[in-house]
Amino acid sequence: MTRTALSVAVVIVLLAACNRTPEPVATPQTAPAAEANPAPAPAVETAAKSDADWQGYGPAQLGVDAEQLATAWGAELQGDAAADGGCYYLQPVGQGQGGVAFMIEAGHFVRYDLRTADIAAPGGGRVGQDLAQLQALYPQAEAPQPHKYEEGGKTLRVPAADGSQGMLVFELGADGKTKAWRVGLPPQVDYVEGCG
């Protein structure tokens, strides 16, 4: 091969090498491609939007009178009013077991109760959660207290996170799981027996 032919061959090889994409070389300092672009993390399960808040439930705000509650709710409520202005509950007609129950005392809406895992309490607590889960969600919670009637059960009282008068109370069974919760104004929110 002549010197000119050899020079042309070298130039062709060099040009070909310049147009080629180099293969990546894994070194301890570089992360593999899979780690450089990690797959998206699985979506965190979020609680479904809840009508529950520290000041009421949906359009029903704590402190309104029974007539204002019915008007705000906008759908039929059922329950027997106490003739003497005492305590009673109203519930939406046609709702399932464990749904919202509005406590009325002295003619005013003072508390609501729930016993279903389908609806989250203000701040995300739910029926079925244990004490550790609740305490993680509610760092402002008071120390848990023994349940008045259920041996091994507890109650967890949580002051409103928004500074309102509303108070949240969780009832935990002997199995350590939340079985019910309620939001209301003191002293009614602390009635263990409801209107009993």
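Residues numbered from 1 in each chain as written. Predicted model: local features only at pLDDT ≥ 70, side-chain atom pairs only at ≥ 80, totals over all residues. Heavy atoms only, no water.

### Notes on the confidence of the model for the chain
Close inspection of predicted coordinates is inappropriate in any region flagged by low pLDDT. Applicable threshold: Known as pLDDT, the predictor's per-residue confidence is scaled from 0 to 100. Contacts between residues were defined by any pair of non-hydrogen atoms, one from each residue, lying within 4.5 Å.
For the chain, per-residue confidence averages 81 on the pLDDT scale, and 75% of positions sit at 70 or higher. Scored below 50 in pLDDT, residues 1-48 makes 5 contacts in the model with residues more than four places away or belonging to other chains.

### Here we look at the state of the cysteines
Counted only if it meets this: Disulfides are defined as pairs of cysteine sulfur atoms found within 2.5 Å of each other. Secondary structure counts use DSSP, requiring at least four H or I residues in a row for a helix and at least two E residues in a row for a strand, with both numbered from the N terminus. Each residue gets one of three labels from its accessible area relative to the maximum for its type: buried under 20%, exposed over 50%, partly exposed in between, using a 1.4 Å probe on protein chains only.
Summed over all chains, the structure comprises 1 disulfide. The disulfide that involves Cys87 links it to Cys195, with 1.8 Å between the sulfurs. Taking the sign of the S-S torsion, about -60° here, the bridge from Cys87 to Cys195 comes out left-handed. With Cys87 in the loop between strand E4 (77-78) and strand E5 (88-92) and Cys195 in the segment after strand E11 (178-184), this pair connects stretches of sequence that are 108 residues apart. With relative accessibility at 28%, the residue Cys195 sits in the partly exposed group.

### Some details on unusual backbone geometry
Note on backbone geometry: most residues besides glycine have negative phi, and most peptide bonds are trans. In this chain, Pro186 is followed by Pro187 through a cis amide linkage whose omega measures 5°. Positionally, Pro187 belongs in the segment after E11. Its identity as a non-glycine residue notwithstanding, Ala106 has a phi of 55°, on the positive side. On the secondary structure map, Ala106 appears in the loop between strand E6 (101-105) and strand E7 (108-114). Judged by relative accessible area, which is 54%, Ala106 ranks as exposed.

### Considering the pattern of salt bridges
For the record, the criterion: Salt bridges, as used here, are contacts in which a Lys or Arg side-chain nitrogen is within 4 Å of a carboxyl oxygen on Asp or Glu.
Enumeration over the complete set of coordinates arrives at 6 salt bridges. Between Glu193 and Lys148 there is a salt bridge, and its shortest N-O distance comes to 3.3 Å. Of the two residues, Glu193 is situated in the segment after E11 and Lys148 in the loop between strand E8 (145-146) and strand E9 (154-159); the sequence distance between them amounts to 45 residues. Judged by relative accessible area, Glu193 falls into the partly exposed class, the value being 39%. Across the pair Lys179 and Glu150 runs a salt bridge whose closest N-O atoms are separated by 2.3 Å. Residue Lys179 is located in strand E11, and its partner Glu150 is located in the loop between E8 and E9; the two are separated by 29 residues in the primary sequence.

### Things to note about the nonpolar core
Put simply, the rule is: What we call a nonpolar core is a set of buried Ala, Val, Leu, Ile, Met, Phe, Trp, Tyr and Cys residues that are connected through their side-chain atoms within 4.5 Å.
Membership of the largest hydrophobic core comes to 32 residues, with the highest contact counts inside it found for Tyr57, Phe102, Tyr112, Leu168, Phe170 and Trp181. Going through the elements one at a time, helix H3 (66-73), E5, E6, E7, helix H4 (131-137), E9, strand E10 (167-172) and E11 are the ones with two or more residues in this core. Here Tyr112 is in contact with Ala52, Asp53, Gly56, Tyr57, Val100, Ala101, Phe102, Pro122, Trp181, Arg182 and Val183, once residues within four sequence places are set aside.

### Some details on the side chain of Arg111
For clarity, the cut-off: A 3.5 Å cut-off defines polar contacts: any pair of N or O atoms within that distance qualifies, except that in protein one atom must be a possible hydrogen donor and the other a possible acceptor, and neighbouring residues in sequence count only when both atoms are side-chain atoms.
With respect to the helices, strands and loops of the structure, Arg111 is situated in strand E7. A residue is classified by how much of its surface remains accessible, and Arg111, at 2% relative accessible area, is buried. Separated by 2.7 Å, the side chain of Arg111 and the backbone oxygen of Gln188 make a polar contact.

### Focus: H3
The line we're drawing: As used here, the arc belongs to the directions running from the helix axis to the C-beta atoms.
Residues of H3 that are buried include every one of Ala66, Leu69 and Trp73, and no others. Projected onto a plane normal to the axis of H3, the buried residues spread over an arc of 55° and lie on a single side. Residues of H3 that are exposed and point more than 90 degrees away from the buried face comprise Glu67 and Thr71. Along its buried surface, H3 packs onto strand E2 (56-57), strand E3 (60-61), E4, E5, E6 and E7. Two or three places before Glu67, at the start of H3, stands the capping residue Asp65, its side-chain oxygen 3.1 Å from that residue's backbone nitrogen. Remark: Gly74 follows H3 within two positions and exhibits a positive phi of approximately 80°.

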